[in-house]
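Spelled out from the first residue to the last, the chains are:
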Amino acid sequence: MLRTRLRPCWGMAFFALSWASQAGGAEAIQLGDVVPKELRSSPSISTDVICVHAEDVERVLNDSAEALEKNGLPPWEPSKEDEQKHYADVSIAYFIQLSQPEKLSLVKRVFDLLYSPTDAFLYSVDADKLAVADVEQALGLVGARKLSRPNVRVQAAAHADYYFWPRVQIVLDGMTQLLDEQWDFVIHLSESDYPAHSASYIRHALSQQRQRNF
């Protein structure tokens, strides 16, 4: 995937390709050619980009794409910090939003596949459509055969329709609560999500990218 950045350039538009020099794309002007000398040391100015005049953007993109097909992406090695930590040390926080009672059987299957006592699970339940008690029952947190799982929380949330701010606020509130937990990654799920890989595979894959977001 081509990753690019657009930056303003004091009256002259230009295109910044952060990896163009490694990919072997077309020639480009240097940062100093477009950034005034007195601003080159500004913290807002990145010096690891290649600047391209606006009229050359299409040509540079095509050249870079050809170079990418020929040479591949530059190597992306795990950081030394990542290599020093075993994948078993990775802790994950799962934030799951629920609203449909008919999905509870799937929610339970996903929970059984992903559950680990070292991770945190926060279930946010649409109070207008689903009862917290039903979710707790489905997860085995209540009843005669209930399991002690203090790392699992189920809470009610206000109903919020799609495409409106309250729905975003529910996610932000959940993330804020998860700040009380210790974790390396947060995974946001819905009641319809199902893991394509095992929990151990997910944990191992994330351990190689501990310093990155997805």
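Asks: How would you sum up helix H7 (residues 165-178)? Please name residues and give values.
Replies: Taking 1.5 Å of rise per residue, 14 residues should cover 20 Å, and H7 covers 20 Å from first to last C-alpha, within 8% of that figure. Three or more residues of H7 are buried, namely Ile 170, Val 171, Gly 174 and Leu 178. Viewed end-on, H7 has its buried residues packed into an arc of 95 degrees, placing them on one side of the element. Contacts from the buried residues of H7 go to strand E4 (92-98), strand E5 (120-126), strand E6 (152-157) and strand E7 (185-190).

Asks: Could you give an account of the pattern of salt bridges, with specific residues and numbers?
Replies: Counted by the stated rule, this structure contains four salt bridges. Measuring nitrogen to oxygen at the nearest pair gives 2.6 Å for the salt bridge that ties Arg 203 to Asp 119. Highlighted residues: Arg 203 in helix H8 (residues 199-207) and Asp 119 in the loop between helix H5 (104-114) and E5, separated in sequence by 84 residues. We classify Arg 203 as buried; its relative accessible area is 9%. The shortest N-O distance in the salt bridge between Glu 181 and Arg 153 comes to 3.5 Å. Of this pair, Glu 181 sits in the loop between H7 and E7 while Arg 153 sits in strand E6, and the two are 28 residues apart along the sequence.

Asks: Account for the side chain of Ser 91, naming residues and giving values.
Replies: By the element assignment, Ser 91 lies in the loop between helix H4 (80-84) and E4. Relative accessible area serves as the criterion here: at 11%, Ser 91 is assigned to the buried category. For Ser 91, the side chain forms a polar contact with the main-chain oxygen of Thr 118, separated by 3.1 Å. A polar contact of 3.0 Å, which involves the side chain of Ser 91, links it to the backbone oxygen of Gln 182. Other than its neighbours up to four places away in sequence, Ser 91 contacts Thr 118, Asp 119, Gln 182, Trp 183, Asp 184, Phe 185 and Arg 203.

Basis of the calculations
Residues numbered from 1 in each chain as written. Predicted model: local features only at pLDDT ≥ 70, side-chain atom pairs only at ≥ 80, totals over all residues. Heavy atoms only, no water. Helix = DSSP H or I, 4+ residues; strand = E, 2+ residues; numbered from the N terminus. Expected span 1.5 Å × (residues − 1). Buried < 20%, exposed > 50% of the residue type's maximum accessible area, 1.4 Å probe, protein only. Arc of directions from axis to C-beta. Contact = heavy atoms within 4.5 Å. Salt bridge = Lys/Arg side-chain N within 4 Å of Asp/Glu carboxyl O. Polar contact = N/O pair within 3.5 Å; in protein donor to acceptor, adjacent residues only side chain to side chain.

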